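Residues per chain, in single letters:
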Amino acid sequence: MFAVENGLQGDPRLQAISDAIRVIPHFPKTGIMFQDITTLLLDPVAFKHVVDIFVDRYKHMNISLVAGVEARGFIFGPPIALAIGAKFVPLRKPGKLPGRVISEEYELEYGNDRLEMSVEAVKSHERALVIDDLVATGGTLSASIKLLERAGAEVVECACVVGLPKFKGHCKLKGKPLYVLVEPSQLDEVTF
Amino acid sequence: MSRNKQEEDPRINGIKTKIRVVPDFPKKGIMFQDITTVLLDPKAFKDTIDLFVERYRDKNISVVAGIEARGFLFGPPIALAIGAKFVPLRKPKKLPGETIFEEYELEYGNDRLEMHVGAVEVGDRALVVDDLIATGGTLCAAIKLLERVGAEVVECACVIELPELKGRQRLKGKPLCMLVEYR
């Protein structure tokens, strides 16, 4: 579900957020129009809009845990967690987290990767939010949901700044709702 | 020059008790300073950010540079609170646009830190943030990147310092602010 479908139609903040995202063609490979959020982070007003919109949505949903996917989920997750008084749990590439971890595999275009989470980070029945910068296939978010559920948490929603248009409407990932601020930005003109 | 350690603030001890030390990670002999347990305590996490924000909010900082990946946990909340841009300093090949890089030494071999061209401008006043300073190699690379594009690095900020590794001396004369020492 996109923000415009859920009460924020016409909200100028969404246009500001979209305008602040830079498109890099053919990264990391030919054909991909990469949505570069680093330019959003260079605009303190637009960055704050992102956090404010998510905080407004989640502050009364009794969320006790915000999980962010390495690495760009680490940029958006903590400010939201801090504002709503939730803990922040990093979901990391293999071998980065010390102590006891659980891991979940997910598919890449070629091969697999794994996401890890600290077992002690989650209490049973905690209400959790998963954050990443962008959702494309949903593979990473699905792995995140599985990790949290295996540890006993209830995933309330997944939230991303950018999402492909196929996630409009009541699209769910592993049965969980998805909330997205903007569709991918387009290049203004083709450059070679 | 103000103190570079927040010695008497009562919030510091609360943060220190939340840091988990994990022996022999990632390899034998290393006492790993795990800050993820600080993030699990909303008050300790908020106190960490507040301490840095209180220090920097009136220092006209225009950019906060955070070192991948744990610098991304602390840098953005500080940047947002003080109205500064946030610039991620990343491992090679992660940033999609045109980048510049700086090499630094690891125990065996080298690594690189990259920054987007155009993210930081001449005259920007910068803060560099990471969770921990050990040898200072990564922070030194970060300072060099920022200075090369004409920014003034005002200070480096870390939650934890390992003073015996003398990283503080490798910061090209820049001051370090840390909250917790581990000896």
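- Chain A has the name adenine phosphoribosyltransferase in an unreviewed UniProt entry, where Brassica napus is given as its organism.
- Heading Sequence similarities (unreviewed entry) of the UniProt record for chain A holds this comment: "Belongs to the purine/pyrimidine phosphoribosyltransferase family."

Focus: the overall build of chain A
Then step 1. When helices and strands are counted, chain A shows 5 helices and 10 strands.
Then step 2. What you see for chain A is a C-alpha radius of gyration of 16 Å, in line with the 16 Å of a compact globule of 192 residues.
Then step 3. Principal-axis analysis of the C-alpha atoms gives chain A an extent of 50 × 40 × 30 Å.
Then step 4. When burial is assessed residue by residue, chain A has 54% of its 192 residues classed as buried.
Then step 5. A separation threshold of at least 6 residues defines the contact pool for chain A, and within that pool the share at least 24 residues apart is 60%.

Topic: the packing of aromatic side chains
Then step 1. All told, the structure shown has 8 aromatic pairs over all chains when counted by the stated rule.
Then step 2. When the ring of Phe27(A) is compared with that of Phe34(A), the centres are 5.1 Å apart and the planes differ by 85 degrees; the resulting orientation is edge-to-face. Residues Phe27(A) and Phe34(A) agree in their burial class; the two are buried.
Then step 3. Geometrically, the ring pair formed by Phe25(B) and Phe32(B) is edge-to-face, given 5.0 Å between the ring centres and 80 degrees between the ring planes.

Things to note about the UniProt feature "domain: Phosphoribosyltransferase" (unreviewed entry) in chain A
Then step 1. The UniProt entry lists residues 46-170 of chain A under the feature "domain: Phosphoribosyltransferase" (unreviewed entry), expressed in the numbering used here.
Then step 2. In residues 46-170 of chain A, helix accounts for 30% and strand for 34%; the two terminal C-alpha atoms are 26 Å from one another.

A look at helix α3 (residues 42-56) of chain B
Residues and elements named next belong to chain B.
Then step 1. In this model α3 runs 21 Å from its N-terminal to its C-terminal C-alpha over 15 residues, within 8% of the 21 Å that 1.5 Å per residue would give.
Then step 2. When α3 is considered as a whole, its buried residues turn out to be Ala44, Phe45, Asp47, Thr48, Ile49, Leu51, Phe52, Val53, Arg55 and Tyr56.
Then step 3. Of the residues that open α3, the one with a side-chain oxygen 3.0 Å from the backbone nitrogen of Lys43 is Asp41.

A closer look at the packing of helix α1 (residues 12-20) of chain A against helix α3 (residues 44-58) of chain A
All names here are of chain A.
Then step 1. Direction vectors running N to C along α1 and α3 enclose 130 degrees, while the axes themselves pass 9 Å from each other. Taken together, α1 and α3 sit at an angle that is classed as oblique. The way α1 lies across α3 gives a crossing that is left-handed. Residues Arg13, Leu14, Ala16, Ile17 and Ala20 of α1 pack against Ala46, His49, Val50, Asp52, Ile53 and Asp56 of α3.
Then step 2. Residues of the contact of α1 with α3, tallied by class, amount to 7 nonpolar, 1 polar and 3 charged.

Re the interface of chain B and chain A
Then step 1. Each side of the interface is counted separately: chain B has 34 residues, and chain A has 35 residues.
Then step 2. Summed over both partners, the interface of chain B with chain A comes to about 2,700 Å²; 72% of that surface belongs to carbon and sulfur atoms.
Then step 3. Together, Leu40(B), Leu80(B) and Pro96(B) form the three largest contributors to the area buried by chain B at its contact with chain A, with a combined 22%.
Then step 4. Scanning the region where chain B abuts chain A turns up 1 salt bridge.
Then step 5. The partner of Glu120(A) in a salt bridge is Arg20(B), and the shortest N-O contact between them spans 3.3 Å.
Then step 6. One can count 6 residue pairs in polar contact (both at pLDDT 80 or more) joining chain B with chain A.
Then step 7. Of all the elements in the fold, those that place two or more residues in the side of chain B that touches chain A are β1 (20-23), β2 (31-34), α2 (36-39), α3, α4 (71-82) and β4 (85-89) of chain B.
Then step 8. In terms of residue count, α4(B) provides more of the side of chain B that touches chain A than any other element does, 5 residues in total.

Thoughts on the environment of Arg90(B)
Then step 1. Along the polypeptide, Arg90(B) turns up in the loop between β4 and β5 (99-105).
Then step 2. Accessibility expressed as a relative area gives 6% for Arg90(B), which makes it buried.
Then step 3. Placed 51 residues apart in sequence, Arg90(B) and Ala141(B) show a C-alpha to C-alpha distance of 11 Å.
Then step 4. Aside from chain neighbours lying at most four places away, what touches Arg90(B) is Ala71(A), Arg72(A), Glu68(B), Phe72(B), Leu95(B), Arg112(B), Leu113(B) and Glu114(B).
Then step 5. Side chain to side chain, Arg90(B) and Glu68(B) meet in a polar contact 2.8 Å long.

A closer look at the nonpolar core
Then step 1. Membership of the largest hydrophobic core comes to 73 residues, with the highest contact counts inside it found for Ile17(A), Phe76(A), Leu181(A) and Val64(B).
Then step 2. Ranked by residues supplied to this core, first place goes to α3(A) with 8 residues.
Then step 3. Excluding residues that lie within four positions of it along the chain, Ile17(A) makes contacts with Leu40(A), Ala46(A), His49(A), Val50(A), Ile53(A), Val161(A), Leu181(A) and Val182(A).
Then step 4. Counting 28 residues, the second largest nonpolar core, distinct from the first, contains Val69(A), Leu115(A), Ala128(A) and Cys160(A).

Quick look at the sheet that holds β4(B)
Sheet strands pair via backbone hydrogen bonds, and the direction of the pair is either parallel or antiparallel.
Residues and elements named next belong to chain B.
Then step 1. If you walk across this open sheet you meet the 5 strands as β4-β3-β7-β8-β9, and the pairing is parallel. The open sheet has two edge strands with one neighbour each: β4 and β9 (176-181). Taken over all neighbouring pairs, the strand axes of this sheet differ in orientation by 20 degrees on average, direction set aside.
Then step 2. Both strand β3 (residues 63-67) and strand β7 (residues 125-133) contribute to a ladder of 4 bridges, which runs parallel.

Details of the pattern of salt bridges
Then step 1. For the structure shown, the criterion picks out 39 salt bridges over all chains.
Then step 2. For the salt bridge of Glu181(B) with Arg183(B), the shortest nitrogen-to-oxygen distance reads 3.0 Å.
Then step 3. Looking at Arg183(B), the relative accessible area reads 60%, which means it is exposed.
Then step 4. Each of Arg100(A), Glu120(A), Arg20(B) and Asp34(B) takes part in one network of salt bridges that share partners.

About the thresholds
- Residues numbered from 1 in each chain as written.
- Chains lettered and ligands numbered in written order.
- Predicted model: local features only at pLDDT ≥ 70, side-chain atom pairs only at ≥ 80, totals over all residues.
- Heavy atoms only, no water.
- UniProt positions renumbered as here; feature names shortened; annotations may be inferred.
- Helix = DSSP H or I, 4+ residues; strand = E, 2+ residues; numbered from the N terminus.
- Rg over C-alpha atoms; globule rule 2.2 N^0.38 Å.
- Buried < 20%, exposed > 50% of the residue type's maximum accessible area, 1.4 Å probe, protein only.
- Contact = heavy atoms within 4.5 Å.
- Phe/Tyr/Trp six-rings, centres within 6.5 Å; stacked < 30°, edge-to-face > 60°.
- Expected span 1.5 Å × (residues − 1).
- Polar contact = N/O pair within 3.5 Å; in protein donor to acceptor, adjacent residues only side chain to side chain.
- Axes fitted to C-alpha atoms, helices over the stretch in contact; angles between N-to-C directions.
- Parallel < 35°, antiparallel > 145°, perpendicular 65-115°, else oblique.
- Left-handed = near helix turned anticlockwise from the far one by under 90°.
- Nonpolar A, V, L, I, M, F, W, Y, C, P; charged D, E, K, R; others polar.
- Buried area = accessible area lost by both parts, 1.4 Å probe.
- Salt bridge = Lys/Arg side-chain N within 4 Å of Asp/Glu carboxyl O.
- Core = buried A, V, L, I, M, F, W, Y, C linked by side-chain atoms within 4.5 Å.
- Pairing = 2+ DSSP bridges.

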